[in-house]
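Here are the chains, one letter per residue:
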Amino acid sequence: MKTAFPKINKIAYEGPNSRHPLAFKHYNADEIVEGKTMRDHLRFAVVYWHTFRGTGSDPFGPGTAIRPWDDGTNSVKNAQNRARVAFEFIEKLGAPFYAWHDRDVAPEGRSLGESNKNFDAVAKVLKEEQKRTGIKLLWGTANLFSNPRFVHGAGTSCNADVFAFAAAQIKKALEVTHELGGAGYTFWGGREGYMTLLNTDMKRELDHLAKLLHMAVAYKKQIGFKGQFYIEPKPKEPTKHQYDSDAAACLNFLREYDLLPHFKLNIETNHATLAGHTMQHELEVSGAANALGSIDANTGDELLGWDTDQFPTSIYLTTHTMLAILKYGGLTTGGVNFDAKVRRESFEPVDLFHAHIGGMDAFARGLKIAAAIRKDGRLAEFVKNRYASWDSGIGAKIESGKATMRELETYILKQGDAKTNVSGRQEFLENLINEFI
Ligand code: XLS
Ligand code: NI
Ligand code: NI
């Protein structure tokens, strides 16, 4: 096959002093951090939709991206060729994983049958390329939001036929994910939400969504797919209110419908900020519920209030993200998935390399810094000491569940007041983090 990136060699690690734009300064796959290679800590994944299907279009103009390998048609042949290009890219980059929606990799046909046939034809190439390169599928997912049939949602559509279509599409996407040895499968509720409550039976829609997920759990078992299921929270966009609005809402939904044992969360940075949270907050909520599965690593723009899906470059962001991930035992089935796109103004193929190299280096630094902060121990020590009143005496008694209100009243009446508080020392801690950045 003709190479799509003739001037680009395999991206090498050259170290922090390198000035080569197409080299890693910090991501050194084999370097050991906290007893594990960077490769295994970070489990980087390239996303098919932005990186190989993104055109750079926005609401005010068409795509700008120059992609010389694309023949501009919606044919299966073009899709198969694109798959080979994708693997050349991922291989040169040195990312161990990739991820897709069914409709990114293969064109949708006039019927579900035709779409499935197209999907199989491209999946065949994906399988060959996975075998050739050793690159693995982090997760698959079904696009249940682009086609106009999903105008009212998929699992939460008022139209039962659309629900049936969505179920059939998920079934196929699960089969292909399984066939390609996927480590997981993600449900992002594309249009599962509402624009106005005037036309919406919320309770019925949520019941239906739970039914769809239960069907997926049953089918997964039936075909012997062992990958991890994820739900990806997002608060708005495209609908005004998305049901899976944040980690807490997802966990509550999963618990209410007895789905929690079957799912973990896939946390996306830009979705966290759209929800009015930090990434750390969402990771902490998921981790505390033992449901931190994977991350979509991107970032928003402080001045733009939508899902801009930019590549992550902030070392503070990656440090805090890696602190949370390490705290909860690291990524096992999941990975650091670059659900991010180059800017419309960055339209040359080489920009795809700059973007991913930058993201990988930013995460490698975040990992190293987080490991150094943990090794230093002062941060963890501070937090531990802050809660010292719970380790003995009345605190320990409350935690063990043995204290009653009457007893606590007696305790406080005797003392007259609570013991004095000590400072939270936020600035001191912020300075401490800066020592390592
Ligand atoms: C959209 C989501 C989407 C999911 C996969 O905002 O981030 O890309 O990650 O369906
Ligand atoms: Ni995402
Ligand atoms: Ni997103």
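Heads up: the structure comes first, above all this text.
Quick caveat: nothing in here was measured; it's all calculated off a predicted structure.

What follows deals with the site of ligand 1. Near ligand 1 you find Trp 49, His 101, Trp 139, Trp 188, Glu 232, Lys 234, Glu 268, His 271, Asp 296, Asp 307 and Asp 339, and these make up its full shell. With respect to ligand 1, the side chain of Glu 232 contributes an N or O atom lying 2.7 Å from an oxygen atom. Take Asp 296: an N or O atom from its side chain is 2.9 Å from an oxygen atom of ligand 1. Relative to its unbound accessible area of 290 Å², ligand 1 is 93% covered by the protein chains.

A few words on the layout of surface pockets. There is about 730 Å³ of room inside the second largest pocket. Along the walls of the second largest pocket sit 20 residues, with Glu 284, Leu 323, Lys 327, Leu 379 and Val 383 positioned nearest its centre. For the lining of the second largest pocket, the element with the most residues is helix 13 (residues 378–386), which contributes 5 residues. Looking at the lining of the second largest pocket, its residues break down into 10 nonpolar, 5 polar and 5 charged.

Looking at the metal site, the nickel ion (ligand 3) is ligated by Glu 268 (OE), His 271 (NE2) and Asp 307 (OD), spaced 2.1 to 2.5 Å from it. Donor residues for the nickel ion (ligand 3), ordered by position in the chain, follow E-x2-H-x35-D. For the pair the nickel ion (ligand 3) and the nickel ion (ligand 2), the metal-to-metal distance amounts to 3.8 Å, and Glu 268 bridges them. Of this pair, Glu 268 sits in strand 12 (residues 263–268) while Asp 307 sits in the loop between strand 13 (292–296) and helix 11 (315–327), placing them 39 residues apart in sequence. Here the two residues Glu 268 and Asp 307 agree in accessibility, since each one is buried.

A cluster of nonpolar side chains, Val 383, Tyr 387, Trp 390 and Ile 398, forms an exposed patch at the surface whose accessible area comes to about 350 Å². Here Tyr 387 lies in the loop between helix 13 and helix 14 (393–399).

With that out of the way, let us pick up the packing of helix 3 (residues 76–93) against helix 12 (residues 349–376). Direction vectors running N to C along helix 3 and helix 12 enclose 40°, while the axes themselves pass 11 Å from each other. Judged by the angle between their axes, helix 3 and helix 12 are oblique. Remark: the crossing between helix 3 and helix 12 carries right-handed chirality. In this structure, helix 3 contributes Phe 89, Lys 92 and Leu 93 to the contact, and helix 12 contributes Leu 352, Phe 353, His 356, Ile 357 and Met 360. Across the contact of helix 3 with helix 12, the residue classes break down as 6 nonpolar, 1 polar and 1 charged.

What follows deals with unusual backbone geometry. Note that the residue after Glu 237, namely Pro 238, is joined by a cis bond; omega there is 5°. Relative to the helices and strands, Pro 238 resides in the loop between strand 10 (228–232) and strand 11 (241–242). Phi at Asn 290 is positive, roughly 55°, even though this residue is not glycine. By the secondary structure assignment, Asn 290 is in the loop between helix 10 (279–288) and strand 13.

Taken together, Glu 232 (OE), Glu 268 (OE), Asp 296 (OD) and Asp 339 (OD) make up the protein donors of the nickel ion (ligand 2), found 1.9 to 2.1 Å from the metal. Note that the nickel ion (ligand 2) binds 6 donor atoms; their angles at the metal cover 82 to 174°, and the shape is octahedral. The exposure class assigned to Asp 339 is buried, which follows from its relative accessible area of 6%.

What follows concerns the environment of Gly 134. Within the element layout of this structure, Gly 134 appears in the loop between helix 5 (112–133) and strand 7 (136–141). For the pair Gly 134 and Gln 242, spaced 108 residues apart in sequence, the C-alpha to C-alpha distance is 37 Å. The contact partners of Gly 134, leaving out residues within four places of it in the chain, are Pro 96 and Glu 129.

Turning to the pairing of strand 13, a few remarks are in order. With 5 of 5 residues buried, strand 13 is to be regarded as a mostly interior element. Bridging between strand 12 and strand 13 involves 4 bridges; their strand directions are parallel. Its bridge partner lying in strand 13, Leu 265 is registered against Leu 292. Pairing of strand 13 with strand 14 (residues 336–338), which is carried by 2 bridges, proceeds in the parallel orientation.

According to the stated counting rule, one finds 2 cavities of 30 Å³ or more in the structure shown. As a volume, the largest cavity reaches approximately 150 Å³. Taken together, 18 residues make up the lining of the largest cavity; nearest its centre are Leu 144, Phe 187, Trp 188, Gly 189 and Glu 192. Of all elements in the fold, only strand 8 (184–188) and helix 7 (202–223) reach the threshold of two or more residues within the lining of the largest cavity. For the lining of the largest cavity, the element with the highest residue contribution is strand 8, accounting for 4 residues. Of the residues assigned to the lining of the largest cavity, the class counts are 12 nonpolar, 4 polar and 2 charged. If you add up the space inside the second largest cavity, you get close to 40 Å³. Arg 53, Thr 73, Asn 74, Ser 75, Asn 78, Ala 79, Arg 82, Asp 104, Val 105, Ala 106 and Pro 107 together form the lining of the second largest cavity. Counting only elements with at least two residues in the lining of the second largest cavity, the list comes to helix 3 and helix 4 (102–105).

Taken as a whole, this structure holds 21 salt bridges when the rule is applied. Between Arg 39 and Asp 30 there is a salt bridge, with the nearest N and O atoms lying 3.0 Å from each other. Between Asp 102 and Arg 103 there is a salt bridge, and its shortest N-O distance comes to 3.7 Å. Here Asp 102 and Arg 103 have matching classes, each one buried. Overlapping salt bridges, with partners in common, bring together Asp 102, Arg 103, Glu 108 and Arg 149 in one network.

The rules behind each value
- Residues numbered from 1 in each chain as written.
- Chains lettered and ligands numbered in written order.
- Predicted model: local features only at pLDDT ≥ 70, side-chain atom pairs only at ≥ 80, totals over all residues.
- Heavy atoms only, no water.
- Near = heavy atom within 4 Å.
- Polar contact = N/O pair within 3.5 Å; in protein donor to acceptor, adjacent residues only side chain to side chain.
- Areas by Shrake-Rupley, 256 points an atom, 1.4 Å probe, with all protein chains shown as cover.
- 1 Å grid on protein atoms, 1.4 Å probe; cavity = no way out; pocket = protein on both sides within 12 Å on 5 of 7 lines; lining within 4 Å.
- Points joined across faces, edges and corners; volume = space filled by probe spheres on them.
- Helix = DSSP H or I, 4+ residues; strand = E, 2+ residues; numbered from the N terminus.
- Nonpolar A, V, L, I, M, F, W, Y, C, P; charged D, E, K, R; others polar.
- Donors = N, O, S within 2.8 Å, 3.2 Å for Na, K, Ca; no water.
- Buried < 20%, exposed > 50% of the residue type's maximum accessible area, 1.4 Å probe, protein only.
- Patch = residues over 30% accessible without salt bridge, like charges linked within 9 Å, V, L, I, M, F, W, Y side chains within 5 Å.
- Salt bridge = Lys/Arg side-chain N within 4 Å of Asp/Glu carboxyl O.
- Axes fitted to C-alpha atoms, helices over the stretch in contact; angles between N-to-C directions.
- Parallel < 35°, antiparallel > 145°, perpendicular 65-115°, else oblique.
- Left-handed = near helix turned anticlockwise from the far one by under 90°.
- Contact = heavy atoms within 4.5 Å.
- Tetrahedral: all angles 85-135°; square planar, octahedral: opposite > 155°, others 65-115°.
- Pairing = 2+ DSSP bridges.

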